[in-house]
Amino acid sequence: MAEKKIGVFLCQCGGNISKTIDLPEVQNFVEGKDDISVVQIHSNMCSGAGQKLIIEEAKDKGLNRIVIASCSPHFHEKTFRATMEKAGLNQFVLELVNLREHCSWPYKDQPEAATEKAKDLVLAGVNKVRENYSLEKKKIKMGKRVLVIGGGIAGIQASLDLADTGNEVYLVEKEPTIGGKMAILTKTFPTEDCSACIISPKMAAAQDHPNINLMTNSEIVSTVGHRLHFEITVEKKPRYIKPEIDMDQCLICEQCVQECPVSAPNMWEQGIMQRKAIYIPAALAIPFRYLIDDSVCLHFKDGSCNKCETICPQQVIDFSQKPEKVQFTVDNIIVATGYDTIHPSEKPMFGYDKLKNVVTGLEMERIVDHITEKPPPRPVGDKVAFIQCVGSRDEQTGREYCSRVCCMYAVKLASLLKQAKPEKDIYVFYTDIRAYGKGFEEYYKRAQQLGIKFIRGKVAELHGVPDSEKVLLKAEDTLSRQIIESEFDLVVLSNGLKPNDSTEKIVNFLKLTKSSDGFLQEAHPKYKPVDTNIEGVFICGVAQGPKDIPDTVAQASAAAARVMVTLAQKEFDVDPQLAFVETEICDGCGKCVAACPKDAILMKGGKAEVVEALCVGCGACLPVCPLEAIDFHNSSNSQMYASINGILAGKKPGETRILIFADNTCTYRLADALGIRKMKYDIDTRIMRVPSSARISANLILHSFKQGADLVILGDCPVASSLYPWSRDVTEQTMLAARARLAEAGIADERIFFSEFSAGDLQKFTAMINDLSAKLKQAEPITEEQRQEL
Amino acid sequence: MTKKIVLNEKTLAFQKKVEELSGENTAMCDQCGTCSGGCPFVEEMDITPAQLMRKVMLGQEDVLECDTLWICATCNTCTVRCPRKLDVSKIAEALRQIKLRDEINNLDINDLPKNVLKELPQIALIAALRKLSS
Amino acid sequence: MKIPYFPGCSLKTYASSFEKSAIASGAELGIEFVEIPRWNCCGVVSSLTSDDLMHHLAPVRNMIRVLEMQNDKIVDTDNKMLTLCSMCMNTLKRSNLKMQEHADELETINDFMYKEDQKYDGSVQVMHYLEILKEYGFAKIAEKVKVSLKGLKVAPYYGCMLIRPKEVGIDDAEEPTIFEDFLKALGAEPVDWRSKKTCCGSYLTVNKENIVVKLTGKILEDARRNGADLIITSCPLCAFNLDSRQELLQIRNPNFEPIPVLYFSQLLAIALGLDINKFGFENNKVDGMPLLKNKILNK
Ligand SMILES: Cc1cc2nc3c(=O)[nH]c(=O)nc-3n(C[C@H](O)[C@H](O)[C@H](O)COP(=O)(O)OP(=O)(O)OC[C@H]3O[C@@H](n4cnc5c(N)ncnc54)[C@H](O)[C@@H]3O)c2cc1C
Ligand code: SF4
Ligand code: SF4
Ligand code: SF4
Ligand code: SF4
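Residues numbered from 1 in each chain as written. Chains lettered and ligands numbered in written order. Predicted model: local features only at pLDDT ≥ 70, side-chain atom pairs only at ≥ 80, totals over all residues. Heavy atoms only, no water.

Looking now at the site of ligand 1. Residues and elements named next belong to chain A. Taken together, 39 residues sit near ligand 1, with Glu173, Lys181, Tyr339, Lys412 and Ile549 positioned nearest. The separation between an oxygen atom of ligand 1 and a polar main-chain atom of Phe189 is 2.8 Å. The backbone of Val542 places a nitrogen or oxygen atom 2.9 Å from an oxygen atom of ligand 1. Counting only elements with at least two residues in the shell around ligand 1, the list comes to α6 (153–164), β8 (187–188), β19 (339–341), α11 (361–369), α12 (406–420), α14 (501–510) and α15 (549–568). Residue contributions to the shell around ligand 1 reach at least three from each of two domains, namely domain 2 (145–236 + 329–338 + 500–568) and domain 4 (349–497). (Near = heavy atom within 4 Å. Polar contact = N/O pair within 3.5 Å; in protein donor to acceptor, adjacent residues only side chain to side chain. Helix = DSSP H or I, 4+ residues; strand = E, 2+ residues; numbered from the N terminus. Domains from an automatic or database assignment.)

If you want it as structure tokens, here you go:
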């Protein structure tokens, strides 16, 4: 291996650093070590002149490792990485030391102590850079193929946007028609435009678009995941009608339907009507084609019937069809799998399974849609009640979230019914009416104008009325504080939305995460609302969380745009800062394989191997490895040990050290923010930047104590905004293991703890650190024997 | 009972006292009325169970004079339904306890006629004495 | 199977036929009730205030007795404790839960009882006889039925304490089925009725007789309307309110048609073919015999 030649560049930052920190002293401190070839001070390292200095020195002195001590890497990491390339060096033999935010700014009034602290920080950087090595950024070539899962309005909108911009789209829908729930709705709030009328042109466009390959009645059965490269297998269920090429053969003459002796509930009509075993799913179905429901068809039951086959003048019926597998490769995926409504059996006190005149919101959509027919397939009596928040906002069902659309759909359904049949007496029982959207409040007011009565009280129970089909309702009118016990002809349950079961499979295939409400988790709730923590996979529509159609469409277009951004970068860099295995050390115990939540570690020939395309860099595998064989590029064990040694080196007798392993996303940025605000916390604190708290193993913590740490804190984002929400369990395990070892050595185990920080927790952080350091300074110090016992 | 409510240290202290005794956080109550709607005794009560929650949240000591707290029989119908997982029966018990600890009993066994006493099973008597007297 | 049995205040007196029929049916199934020595009343109702630890002492003391029985090998069931009365079960379970969840309170309670050699550790599992029967297997019970209750329409009355609150209930709080499954095993037809979980008025029967009579009136009417021949219960207090209070109902409403209220164990004993003279019907106010004779026994 070539001789190490390190160059150290200290930045004055136009005085921001040099007015507090005595840089020449730091320069003296670093100089003189064998492998330090040069130490330079410059007023602005990030300026053209500063960068030129680095490049020239690197070339002159043949430097092969560089430390730049300046501002936070969150400002200039990109700049200096580019400088490295210009100097002909690999980006990863660079180490940045944060002298400004973490040292000169918060400790303006303690120049001497700050200079001492600066020495520790620079030493840690120098120690680390000695262990650095080159890493190559892998490039992934992008194609233009996109899989959209789910053909509701979200999936349709995203597909059209992508197809119109020249991408090749596979749209996979599990039902025999696309359209999702929106196609089922009668009209839409708050404008009351006909739902089918606005969605059917889009459905047709999706079918006809040359860039969209539409697969209905089809489900994903496997995705061999690669980051930005996914091999997909889809299973097409048989329709038992000869394939599309021959489609013009079917005349939609309906003779088969007339012949078919089987009647089954039409589930697209929410069971309020019947259909045959051979049927077209809906009046505006896309594709508009027959299929045979093999779960009820007599031919499949006992072979006793083939009437449709016999009657069909075009001979398109084909009972011999089998499920068919189709494989293709895509670069990006959009998950738009929508929702199911909460089944009312989750609230048994409403007797949905027993009482005929208790219906769900979706059933009411269909009932209202047919209400003016003579006679309507499902007549409605005169007195109607709506019950809000059925299953939502309810700790008893474990669904604490608001479903966001049921208030408005109840207002809509009640209004439509009232307008069609003014004689109806309609009541809506609610806890809160959430009319938050554009035009919603006005729409609610109009419903009141129509004479619909809103009663503030959540219904407690429904009962059958003996010898009648009426429903007895019990509730408190919480505004008049009286109990209502009244009979209704029809009760509509405004049941909420829930993540559907078929999303679950997709979650497992693609290793997506779910938020606490069970819907798909976005990469960041504020600025990455349609990304996921898997590169190349995006989400939109109700699959991500309850929302109405306008929000769904907006999100779908956003997801399509995000895909376009990804695909527009013909090549895609994959960050090489991921886990890897030291094959010589690994003994194949498999613990890391079990620990990886993304299934990114495989066993090959008795050794673990990280699949780079799947690893998301959470570091959760590291602490579990008993041999430290699994490691992490640019935050490797040897790099970590070296940095720890450096950062704690300057501790003098009587001093204390709080060492914080700060995750790069939240805790480290929090410390930056403190610097920017010139907010001070105990100067004896040392902060190390790590990819995530999960990456820290018990050994690293214990090593820190050996090297003089008196208190170790692992900081990471709150679960809700964490990139790696699953990693908390790993951290907890690490914590327990480390604490046990501390206790064995007779050291109080509260000297290690984990804390959630978000980048804005300024007061929390300073108060916590100052309190802890005050306590530390009073506590019995850890003895050298105790440290060595670890 | 008056139309006017003043919120001050006194009301806060009463709220805290009941919450401490009951272990329930009345500020969590959404006033949805589920408890009242399903309570088998609500017709016999002077204020509804949800109202009981409200009064405690607002620290209204006059709640102690309501019949409701003596009528709630801890049937827990509301407990298993409250969308906020609150337990009205614990609030009622706390209020009863405040009265009983002041030695204000709701039931005096001596008031019961001998023949009634004789026919009542132990289980009824013990339960009533435990809940309604100190 | 020998299981520690906690009778509670009413089973020796007011509800003796409950106890007798339960013990007799248990014996037939090989479940031996071993009465807990020196048991004391559980207090009937649980104390719900956070600062009232004293009232949990009585339940816990009974559980210490169970641990002692285990140590002495008088019983052979792992930590189980059998109750018949729903209220006892509820009160014992709630105290037990408190002990399991709050180590500090358990310690205080143990300190109170410093004279006990055995400390309590939260390990006892309080179970209702119905749960034991379910564990035993309703299918197995069905095989042992000698007198099928076929044709008998029974309204199972859960009341409150058997199923609420959720943390101590033996079945789903809104849609319980254990009674129905039990009845089906005996060949009887369970009646589906809305009042099966409606409170009977509980101890308000002592000082608010009117409320209770109103409530039970509605409950009984509902059972009748749904075609029930009789009602079963698992609680002596429910039994009192539903059964004994029918006297008052009759006085107030001459058209009121009485309906027998039995303990579930009485039906079990009949179905197992046990001699009625051995377990008796002495506590049931509304006489169920004519009905049973007519529908079951004389067939
Ligand atoms: C009763 C009711 C009334 C409503 N009224 C209105 C209204 O008036 N106005 C309004 O703005 N909003 C309304 N909404 C909300 C509206 O339905 C949603 O905003 C909208 O339908 C969401 O569309 P989506 O595409 O996200 O989901 P969905 O419509 O659920 O579409 C998802 C699609 O994905 C498919 N799918 C699921 N899993 C898979 C899988 N694994 N593989 C392949 N395909 C899969 C499903 O079959 C479905 O076709 C109402 C909702 C309800 C319940
Ligand atoms: S074969 Fe099946 S689909 Fe065809 S007519 Fe008979 S039942 Fe209907
Ligand atoms: S939208 Fe309205 S009905 Fe639906 S959960 Fe929210 S508050 Fe309840
Ligand atoms: S059910 Fe719960 S949240 Fe609703 S009013 Fe009653 S106590 Fe409050
Ligand atoms: S616990 Fe009390 S308030 Fe709640 S339903 Fe029963 S009697 Fe009513």
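Turning to the side chain of His128 of chain C, a few remarks are in order. You can see His128 of chain C is positioned in strand β4 (residues 125–128). When neighbours within four sequence positions are excluded, His128 of chain C is seen to be in contact with Leu82, Thr83, Leu84, Cys85, Ser86, Met89, Leu162, Ile170, Ser234 and Phe264 of chain C. (Contact = heavy atoms within 4.5 Å.)

It is worth spelling out the sheet that holds strand β11 (residues 218–224) of chain A at this point. Residue and element names in this part refer to chain A. Here three strands make up an open sheet; going across it, the order is β11-β12-β17 and the pairing antiparallel. Lying at the two open borders of the sheet, with one neighbouring strand each, are β11 and β17 (324–330). Geometrically, the sheet is characterised by an average inter-axis angle of 25° between neighbouring strands, direction not taken into account. Bridge count for strand β12 (residues 230–236) against β17 is seven bridges, and the pairing is antiparallel. When the sheet's bridge partners are listed, Val234 is paired in β17 with Val326. Sheet strands in contact with α14 are β11 and β12, and its direction is about 15° off that of β11. (Pairing = 2+ DSSP bridges. Axes fitted to C-alpha atoms, helices over the stretch in contact; angles between N-to-C directions.)

Residue and element names in this part refer to chain A. The peptide bond linking Phe189 to Pro190 adopts the cis configuration, its omega dihedral lying at -10°. Summarising the element assignment, Pro190 is placed in the loop between β8 and β9 (193–194). Going from Ile286 to Pro287, the amide bond is cis rather than trans, its omega being -5°. Among the structural elements, Pro287 can be located in the loop between β15 (278–279) and β16 (291–292).

The subject of this paragraph is the state of the cysteines. Among covalent bonds in proteins, the disulfide is the one between the sulfur atoms of two cysteines. Residues and elements named next belong to chain A. This model, assessed by the stated rule, comprises two disulfides over all chains. The residue that forms a disulfide with Cys194 is Cys197, at a sulfur-sulfur distance of 2.1 Å. An S-S torsion of about 90° defines the bridge between Cys194 and Cys197 as right-handed. Between Cys666 and Cys717 runs a disulfide, and the two sulfur atoms are separated by 2.1 Å. Across the disulfide from Cys666 to Cys717, rotation about the S-S bond amounts to roughly 105°, and the bridge is consequently right-handed. Pair noted here: Cys666 is in the loop between β35 (658–663) and α18 (667–676) and Cys717 is in the loop between β37 (711–716) and α20 (727–744), with a separation of 51 residues, a long-range link. There is no split in this pair, since Cys666 and Cys717 are both buried. Across chain A, the disulfide pattern expressed with sequentially numbered bonded cysteines is 1-2, 3-4. Here Cys589 stays unpaired: no disulfide links it, and the sulfur of Cys625, its closest cysteine neighbor, is 5.9 Å away. (Disulfide = S-S within 2.5 Å. Buried < 20%, exposed > 50% of the residue type's maximum accessible area, 1.4 Å probe, protein only.)

Opposite the 39 residues of chain B that make contact, chain C presents 45 residues. Between chain B and chain C, roughly 3500 Å² of surface is buried when both sides are summed, and carbon and sulfur atoms account for 62% of that area. On the chain B side of the contact with chain C, Val80, Ile123 and Arg130 of chain B bury the most area, a combined 20% of that side's loss. Where chain B meets chain C, there are four salt bridges. (Buried area = accessible area lost by both parts, 1.4 Å probe. Salt bridge = Lys/Arg side-chain N within 4 Å of Asp/Glu carboxyl O.)

Let's shift gears to the pattern of salt bridges. A complete count under the given rule lists 81 salt bridges over all chains for this structure. The shortest N-O distance in the salt bridge between Arg65 of chain C and Glu116 of chain C comes to 2.5 Å. Placement of the pair is Arg65 of chain C in helix α2 (residues 57–71) and Glu116 of chain C in the loop between α4 (103–112) and β4, with a sequence separation of 51 residues. Per residue, the accessibility class of Arg65 of chain C equals that of Glu116 of chain C, and both read buried. In this structure, the salt-bridge partner of Arg224 of chain C is Glu257 of chain C, at a minimum N-O distance of 3.5 Å. Remark: Glu257 of chain C occurs in the loop between α10 (246–252) and β8 (261–263) and Arg224 of chain C occurs in helix α8 (residues 209–225); sequence separation between them is 33 residues. The class for Arg224 of chain C is partly exposed, based on a relative accessible area of 28%. One network of salt bridges, with partners in common, ties together Asp120, Glu655, Arg657, Asp682, Asp684, Arg686 and Lys777 of chain A.

This brings us to the interface of chain C and chain A. Each partner contributes residues to the interface: chain C has six residues there, and chain A has eight residues. For the chain C and chain A pair, buried surface summed over both sides reaches about 670 Å², with 49% attributable to carbon and sulfur atoms. In this assembly, chain C and chain A are joined by one salt bridge. Ionic pairing is found between Lys354 of chain A and Asp192 of chain C, a salt bridge with its closest N-O pair at 3.3 Å. The tally of links between chain C and chain A comes to two residue pairs in polar contact (both at pLDDT 80 or more).

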